[in-house]
Amino acid sequence: MHRRLLATAMLAVLASTSVGLAGTLDDVRARDKLICGVSEGLGGFSEQDGAGAWQGFDVDFCRAVAAAALGDAEKVEYLPLSAEARFAALGDGKIDLLSRNSTWTMSRDLGLGLDFPGTSYFDGQGFMIPAIFGAISPLELDGASICVVSGTTTEANAAAYFEKAGMTVSFLSFKARDEARAAYAEAKCDAYTADRSALAAERAALPTPDEHVILKDVISKEPLGPVVRDSDPQWTTLIRWTLFALIDAEEQGLDAAAMAGAGADEAKAMGAPAVKALGLADDWLVKVLADVGNYGEIFERNLGEETPMQLSRGVNALWTQGGILYAPPMP
Ligand SMILES: N[C@@H](CCC(=O)N[C@@H](CS)C(=O)NCC(=O)O)C(=O)O
């Protein structure tokens, strides 16, 4: 009797951790689809085109993982998530992967049952103001009201920044980013604070972008990257090495075009350690690069100078080119 009770209790424990035990890679394979949590539509990162197809830097990371796990970048179902809903969606098993401009912080990493496999975009928080104000620093914003999106690192960072500077500002916070932008556009607040990459998208989405400036000051570190549950080390490893592989491929000069020639053999050799260890196909990295391109191609296509985002690589350049992108070697 006692033993049976123990067995029942053990089964209950197993059931409660079934998300981790089943293995996310097995789930994704059985479904033949990756479920990827993205933003509700942030220019350059994840947005739907006129035909409803998702595109962007964060979307391309979902596609790279689908190519690695399933051999096809198209096998992704996108779940748009607000800032407040995003981490619970992972915990509840609604998504396999979160790829949604999410900052890696210690409190999130240790407090929410999550893993942050790496940084895909080194960002920082900034401010946008109407150019007519003529301000050049956030330290000129004493007494201002500031629009912000809740459920983010953003409001607390700004509050700490102004408190340290001995300034008083007020915040108008919104659950949805488009509400925050609309309020700013209607001059309901004097400034808009967010990650600087998000501000570039928000500025481009305003009716008159040229009338708004993004101040140079960066008041926080926002290492953005993919997020997974912390109960599945195999899946965390797959996500981490998909990201590193995109960066290492750029460093090795392997791009999408090279996959049609001798570059494919090189990519196969680079990806070999993950074949046995993670059970990936031997051409997993060839598929990733052929379908999605390397890190540099993904950046330029979605965020680069030729896009409405007009972002330069900056610190997100390879370490060999003056940036801080430094992926461990693969072989
Ligand atoms: N990186 C910060 C902020 C992320 C965030 O959600 N920012 C908002 C403000 S612009 C956003 O991007 N929202 C996207 C959306 O609403 O779809 C975090 O992880 O907390």
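Computed from a predicted structure; not experimentally measured. (Residues numbered from 1 in each chain as written. Predicted model: local features only at pLDDT ≥ 70, side-chain atom pairs only at ≥ 80, totals over all residues. Heavy atoms only, no water.)

Here we look at the state of the cysteines
Scanning all chains against the criterion turns up 2 disulfides. Here C36 pairs with C62 through a disulfide, and the sulfurs are 2.1 Å apart. Because the sign of the S-S torsion sets the handedness, a value of about -75 degrees for the bond joining C36 and C62 places this disulfide among the left-handed ones. Linking C36 in strand β1 (residues 34-38) with C62 in helix α4 (residues 57-70), this pair joins segments that are 26 residues apart in sequence. Exposure class is identical for C36 and C62. Each is buried. The disulfide partner of C147 is C189, and the S-S distance across this bridge is 1.9 Å. Torsion about the S-S bond of the C147 and C189 cystine: about -105 degrees, corresponding to left-handed handedness. Of this pair, C147 sits in strand β9 (residues 145-149) while C189 sits in the loop between α8 (177-185) and β11 (191-195), and the two are 42 residues apart along the sequence. Classification of C147 by relative accessible area gives buried; the value is 0%. (Disulfide = S-S within 2.5 Å. Helix = DSSP H or I, 4+ residues; strand = E, 2+ residues; numbered from the N terminus. Buried < 20%, exposed > 50% of the residue type's maximum accessible area, 1.4 Å probe, protein only.)

Let's talk about the sheet that holds strand β8 (residues 125-130)
Spatially, 5 strands are ordered β10-β9-β11-β8-β12 in an open sheet, and the strand pairing comes out mixed. Looking at which strands have only one partner, the edges of the open sheet turn out to be β10 (170-174) and β12 (212-214). For this sheet, the mean inter-axis angle between neighbouring strands, taken without regard to orientation, is 25 degrees. Across 5 bridges, β9 lies against β10 in parallel orientation. Residue V149 lies in a different strand from β10, and its bridge partner there is F174. Each of β8, β9, β10 and β11 touches helix α7 (residues 154-164); the most contacted strand, β10, lies at about 175 degrees to it. Here helix α9 (residues 196-205) sits on the sheet and contacts β8, β11 and β12; the angle it forms with β11, its principal contact strand, is near 130 degrees. (Pairing = 2+ DSSP bridges. Axes fitted to C-alpha atoms, helices over the stretch in contact; angles between N-to-C directions. Contact = heavy atoms within 4.5 Å.)

Observations concerning the site of the ligand
In the region of the ligand, 19 residues are neighbours, and E40, R100, N101, T103 and D195 sit closest. S39 has a polar side-chain atom sitting 3.5 Å from an oxygen atom of the ligand. For the ligand, an oxygen atom lies 3.2 Å from a polar atom in the side chain of R177. With the chains in place, 98% of the 500 Å² that the ligand exposes on its own is no longer accessible. Residues of the shell around the ligand, tallied by class, amount to 5 nonpolar, 7 polar and 7 charged. (Near = heavy atom within 4 Å. Polar contact = N/O pair within 3.5 Å; in protein donor to acceptor, adjacent residues only side chain to side chain. Areas by Shrake-Rupley, 256 points an atom, 1.4 Å probe, with all protein chains shown as cover. Nonpolar A, V, L, I, M, F, W, Y, C, P; charged D, E, K, R; others polar.)

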